[in-house]
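Residues per chain are reported as follows:
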Amino acid sequence: MPQPADVHTHTDAASPNPADSAAVPSGCAGCASLDRRAFLSSASMLSIAAMLAACGDGVIDGPVAVLNALTTPTRVSLEAYPALRAVGGRAIVRVAGSAPVLVETTGVRQYRALSLVCPHKGTEVDPTDTGFLCPNHLARFDREGRWLGGQGTADLTAVGVSVVDTDTLLIGGPYVAPVLAVSTSTVTFTAVIGGSAPAAQTINLTNSGGGALSGLAVALTYAPNQPTGWLSASLGSLSAPTALTLSATRGTLTAGTYTATIQTSAAGLTTLPPAITVTLIVIDASAAPSLQLSTSVLALSTAIGTSPAAQTVQVLNAGGGTISGLSLSIAYGAGATGWLSTSALSGGTVPATLTIRPVTTGLAAGSYSATVTVSGTNVASKTLTVALTVTAAGLAVTLAQWPALGTVGGVAGSVGTLNFAAVAIVRTGTNSYAAFSLRCPHEGIQVQVVNGQSFRCPGHGATFNADGSLMANSPLRTGPLSALKVTYNPGDAVLYVS
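If you're wondering where the values come from, they're calculated on a predicted model, not measured in any experiment. (Residues numbered from 1 in each chain as written. Predicted model: local features only at pLDDT ≥ 70, side-chain atom pairs only at ≥ 80, totals over all residues. Heavy atoms only, no water.)

Scanning the chain from N- to C-terminus turns up three helices and 38 strands. Per-residue burial over the chain gives 42% buried out of 498 residues. About 23100 Å² of surface is accessible on the chain, with carbon and sulfur atoms providing 55% of the total. (Helix = DSSP H or I, 4+ residues; strand = E, 2+ residues; numbered from the N terminus. Buried < 20%, exposed > 50% of the residue type's maximum accessible area, 1.4 Å probe, protein only. Areas by Shrake-Rupley, 256 points an atom, 1.4 Å probe, with all protein chains shown as cover.)

Below is the structure:
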């Protein structure tokens, strides 16, 4: 059971910093008994000089024992930390045996948490109005924990934080980035000329990652050279989970098919979910029968050895009368055949549902295509293009999202997680990359990238070269970082780590 957390709050008001009275560990007997305030306010410059001389290099050394990040999630009640009820409020959570954690309220039910252990030598950093300052060697960090200057080191370690309920947080464990997920990427409306407006449809927006998602937004784009104004989109709230409600109105649109795209986003996200394709089919019941599919293109993606979920396409009559004798045929592109053989129509008359059911477990990584043709008696056929991408197993990393990988020797840390550990990518050549687990071999603490060139464990200071090997002058002797397998085809935009 986690130990109860001690209360230690900090706000941006002009008040004494509670951390100023904390004892500062020292590497020499002459400094060990002095706290920082006593050290800085000594009455005699001569005595200060003498103490500095006794410490050797004029700065206080790191603590004898560096506290590890809070690895076991701990429940924290907001009643014990009232500062966190206001946006911008900050509080320090202390759990016995673990490094102290600063929690900050960044928005309504939005929080971030940072370990207060300086990655340089393990000293506890002080919160300031603009960020953090290490009292030991004066490394400076912004409010998000990013290193700004002073003593060169890595960023402060992000700690997991999630909302349990309106009064409780869960603090601890590795930081997991939020991921915006949409319940579907295709929506179809049908409207009959002279009929009523189609019913509104909802799409669920959720956070499939960690932390919390706020600042939700939608961007609506109509297809080129098509009428606009027939679609509206409304968010239930600006934080996930929530519902996105779509409404379509025909207005004066004539019979035909109209499309629009909705891209959802959230504050701070670099990777967005697939865009939502919205189709409005306007039917003229007085016209001759005509086949119509709710979409003409399906793009599917799956990892090697697995099959994507089945997709449905509506088969409609865009005119009057009836259409019967429905059938389908499949023509495959280069690469493989048979992977859509289980696809089927729900019946032989319109309206009907076309189920596209890929079976791709035997396919190698690559791109595949097929054309599905739906035919009926005495009507023109309609085609559906199916594009399938089979990816290598493991973590997919989009190279363009990591500028450091634009040059040989570049290092990108925490590009994702694999086997519950963060992953780093190093560009080793024009078309080659290496990957490492950022779990320190010593005690499993997540290591950090230092100056875009090497790695350092904030726990006990172990340092590693860009190839994952332990540096010769590492203050802690341990094994190398664990190498991971990289699958990459020259010219591809994505590589895979397994």
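With that settled, the discussion passes to the side chain of Thr 105. Following the sequence through the fold, Thr 105 ends up in strand 4 (residues 101-107). Side-chain polar atoms of Thr 105 contact the backbone oxygen of Leu 84, separated by 2.6 Å. Apart from residues lying up to four places away in sequence, Thr 105 is in contact with Leu 84, Ala 86, Val 87, Gly 88, Gly 89, Gln 110 and Tyr 111. (Polar contact = N/O pair within 3.5 Å; in protein donor to acceptor, adjacent residues only side chain to side chain. Contact = heavy atoms within 4.5 Å.)

Quick look at the nonpolar core now. Counting residues in each nonpolar core, the largest one holds 26 residues, and the members touching the most others are Trp 230, Leu 231, Leu 246, Val 278 and Leu 280. Going through the elements one at a time, strand 12 (180-182), strand 13 (186-192), strand 14 (201-207), strand 17 (242-248), strand 18 (256-265) and strand 19 (276-283) are the ones with two or more residues in this core. A total of four residues in this core trace back to one element, the largest contributor, which is strand 19. The contacts of Leu 246, once residues within four sequence positions are left out, are Val 187, Phe 189, Ala 200, Gln 201, Ile 203, Leu 231, Ser 232, Ala 233, Ile 262 and Val 278. By size, the runner-up hydrophobic cluster in this structure holds 25 residues, among which are Leu 300, Val 315, Val 350 and Val 374. (Core = buried A, V, L, I, M, F, W, Y, C linked by side-chain atoms within 4.5 Å.)

On to the sheet that holds strand 16 (residues 231-235), then. The sheet built from four strands is open, its strands ordered 12-14-17-16 with antiparallel pairing. Two strands close off the open sheet at either side, each with one partner strand: strand 12 and strand 16. Pairwise comparison of adjacent strand axes, ignoring direction, gives a mean angle of 25 degrees for this sheet. As paired elements, strand 12 and strand 14 share three bridges and run antiparallel to each other. Along strand 14, the bridge assignment pairs Ala 181 with Thr 206. (Pairing = 2+ DSSP bridges. Axes fitted to C-alpha atoms, helices over the stretch in contact; angles between N-to-C directions.)

Relative to strand 10 (residues 158-165), strand 5 (residues 110-115) is paired through two bridges, and the arrangement is antiparallel. Counterpart to Leu 114 in the pairing with strand 10 is Ala 158. Taken together, strand 10 and the strand that follows it, strand 11 (residues 168-174), pair antiparallel across an intervening segment of two residues.

This brings us to unusual backbone geometry. A cis amide bond links Ala 240 to the next residue, Pro 241, at an omega of 5 degrees. Structurally, Pro 241 can be placed in the loop between strand 16 and strand 17. That bond from Val 350 to Pro 351 is cis: its omega, 0 degrees, falls within 30 degrees of zero. Here Pro 351 lies in the loop between strand 24 (344-345) and strand 25 (352-356). Residues other than glycine seldom take positive phi values, yet Asn 225 does so here, at roughly 60 degrees.

Turning to the packing of aromatic side chains, a few remarks are in order. Counting across every chain of the model gives four aromatic pairs. With a centroid separation of 5.2 Å and an interplanar angle of 80 degrees, the aromatic rings of Tyr 433 and Tyr 488 are classed as edge-to-face. On the criterion of sequence distance, the pair formed by Tyr 433 in strand 32 (residues 432-437) and Tyr 488 in the loop between strand 37 (486-487) and strand 38 (494-497) is long-range, its members being 55 residues apart. For the cation-ring pair, Arg 90 lies above Phe 132, with the distance from its terminal atom to the ring centre recorded as 5.0 Å. (Phe/Tyr/Trp six-rings, centres within 6.5 Å; stacked < 30°, edge-to-face > 60°. Lys NZ or Arg CZ within 6 Å of the ring centre and 35° of its normal.)

A few words now on the environment of Thr 417. By the secondary structure assignment, Thr 417 is in strand 30 (residues 417-418). Its relative accessible area of 48% is what places Thr 417 among the partly exposed residues. A C-alpha to C-alpha distance of 9.2 Å links Thr 417 and Leu 438, two positions 21 residues apart in sequence. Once residues within four sequence positions are removed from consideration, Thr 417 is found in contact with Leu 395, Ala 422 and Val 423.

With that out of the way, let us pick up the pairing of strand 18. Sheet topology places strand 15 (residues 217-222) next to strand 18; six bridges connect them, and they run antiparallel. For Ala 217, the partnering residue across the bridge sits in strand 18 and is Ser 265. As defined by bridge partners, strand 18 adjoins strand 19 across seven bridges and the pair is classed as antiparallel. What sits directly across from Thr 259, in strand 19, is Thr 279.

Here we take up the sheet that holds strand 28 (residues 395-398). Remark on secondary structure: sheet strands pair via backbone hydrogen bonds, oriented parallel or antiparallel. The three strands lie next to each other as 28-38-37, forming an open sheet whose pairing is antiparallel. In this open sheet, the two strands that pair with only one neighbour each are strand 28 and strand 37. The pairing of strand 28 with strand 38 spans four bridges and is classified as antiparallel. For Ala 396, the partnering residue across the bridge sits in strand 38 and is Tyr 496.

To continue, consider the pattern of salt bridges. Under the criterion given, the structure shown has six salt bridges. The shortest N-O distance in the salt bridge between Arg 146 and Asp 142 comes to 2.8 Å. Here Asp 142 falls in the buried class, since its relative accessible area comes to 12%. When the shortest N-O distance is used, the salt bridge between Glu 144 and Arg 146 registers 3.3 Å. (Salt bridge = Lys/Arg side-chain N within 4 Å of Asp/Glu carboxyl O.)

Turning to the environment of Lys 382, a few remarks are in order. Along the chain, Lys 382 turns up in strand 27 (residues 379-391). Taking the relative accessible area as the measure of exposure, Lys 382 reaches 31% and is therefore partly exposed. It is 9.5 Å that separates the C-alpha atoms of Lys 382 and Ser 290, two residues lying 92 residues apart in sequence. Beyond its immediate chain neighbours, meaning those up to four positions away, Lys 382 contacts Leu 291, Gln 292, Leu 293, Val 372, Thr 373 and Val 374.

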